[in-house]
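# Observations on chain architecture
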Amino acid sequence: MNGDAVHDAKTADASPQGLPSVRARVTEALRAWIVTGELEPGQVYSAPRLGAQLGVSPTPVREAMLDLVKEGLVRTARNKGFEVLAPSPAALHDILEMRLLLEVPTVRRLAERGVREADLAALLPLAEETVRAAEKLDVVRHVAADLKFHLALLGLWGNDEITETVRALRSRSRLAGLWSAENHDAMIESAHEHLALLDLLRRRDDAATAELMEHHITRVSAFWSKWSSAG
């Protein structure tokens, strides 16, 4: 683990308007570490220790952890720090079902309505970033880029409740053990599906767009099952 996600955070308290605050960047970094399993379920982490790893003081770490408590990712451990929580197999199943119910019809409606070329062009770098990260087996970077792509795509529909609900579901799902050298090829294939989705949206093929999104989301269920049984 390193502090790349909060680069220059020590001096960023006076960030120009529009840039993420230290707290926001620390929250994003910690969430990524939890989602990818770098912060392990059942383990307790102190704010000073995490702050040292991120290159910031303990204060923004404590603030960020309190945000993650509200998201159900951690809980406070009295006089010790914060314990990372693990989702149950049943919870993972429910999260997957919710994502299917929200994301598949949303992208289908986007394809039916049509997406502006400028919006597709804006999504392309995000899709390409997932591919680059997957090819390098950079799981943290891939998870972050994958989340940004999905949320930006859903955001085109204009329903903030859908976008924020999916954001919360993704955070709660974790991806510990999901992507590894063992399934590197599948990780790359999943990333390339983002490019395929953009092509189908450009062609306004609503049925194929919905079918690919369903496949894209359910792909993770097999890996979740393997990870849950192994745990």
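Residues numbered from 1 in each chain as written. Predicted model: local features only at pLDDT ≥ 70, side-chain atom pairs only at ≥ 80, totals over all residues. Heavy atoms only, no water.

## Re the packing of helix α5 (residues 117–135) against helix α6 (residues 139–155)
Worth spelling out the cut-off: Fitted lines through C-alpha atoms give the axes, limited to the stretch in contact for helices. The angle between two N-to-C directions lies from 0 to 180 degrees. For the purposes of this entry, the term helix denotes a DSSP run of H or I that reaches at least four residues, the term strand denotes a run of E that reaches at least two, and both are numbered from the N terminus. An angle below 35 degrees is treated as roughly parallel, one above 145 as roughly antiparallel, one from 65 to 115 as roughly perpendicular, and anything else as oblique. Here a crossing is called left-handed whenever its near helix is offset anticlockwise from the far helix by less than a right angle, and right-handed whenever the offset is clockwise. The criterion used for residue contact is that any of the two residues' heavy atoms lie within 4.5 Å. Here the term charged refers only to Asp, Glu, Lys and Arg, the term nonpolar to Ala, Val, Leu, Ile, Met, Phe, Trp, Tyr, Cys and Pro, and the term polar to all other amino acids, Gly among them.
α6 packs onto α5 with a crossing angle of 155° between their chain directions and a minimal axis gap of 8 Å. Taken as axis vectors, α5 and α6 run roughly antiparallel relative to one another. The way α5 lies across α6 gives a crossing that is left-handed. For the pair α5 and α6, contact is made by Leu 123, Leu 126, Ala 127, Glu 129, Thr 130, Arg 132, Ala 133 and Ala 134 and by Arg 141, His 142, Ala 145, Asp 146, Lys 148, Phe 149, Ala 152 and Leu 153, respectively. Grouping the constituent residues of the contact of α5 with α6 by class yields 9 nonpolar, 2 polar and 5 charged.

## Description of the packing of helix α4 (residues 89–113) against helix α7 (residues 160–173)
Two elements in contact, α4 and α7, have axes whose closest approach is 10 Å; the angle formed by their N-to-C orientations is 145°. In this structure, the crossing between α4 and α7 has a hand that is left-handed. Two secondary-structure elements touch here, α4 through Leu 92, Ile 95, Met 98, Arg 99, Leu 102, Glu 103, Thr 106 and Arg 109 and α7 through Ile 162, Thr 165, Val 166, Leu 169, Arg 170, Arg 172 and Ser 173. Each residue belonging to the contact of α4 with α7 can be placed in one class, and the counts come to 7 nonpolar, 3 polar and 5 charged.

## Regarding the pattern of salt bridges
Put simply, the rule reads: The term salt bridge refers to a side-chain nitrogen of Lys or Arg lying within 4 Å of a carboxyl oxygen of Asp or Glu.
Under the criterion given, the structure shown has 14 salt bridges. With a closest N to O distance of 3.0 Å, Glu 83 and Arg 75 form a salt bridge. For Arg 167, the salt bridge is made with Glu 164, and the minimal N-O distance between the two is 3.0 Å. With Arg 167 and Glu 164 both in helix α7, this residue pair falls 3 residues apart, about one helical turn. Connected via shared salt-bridge partners are Glu 129, Arg 132 and Arg 141.

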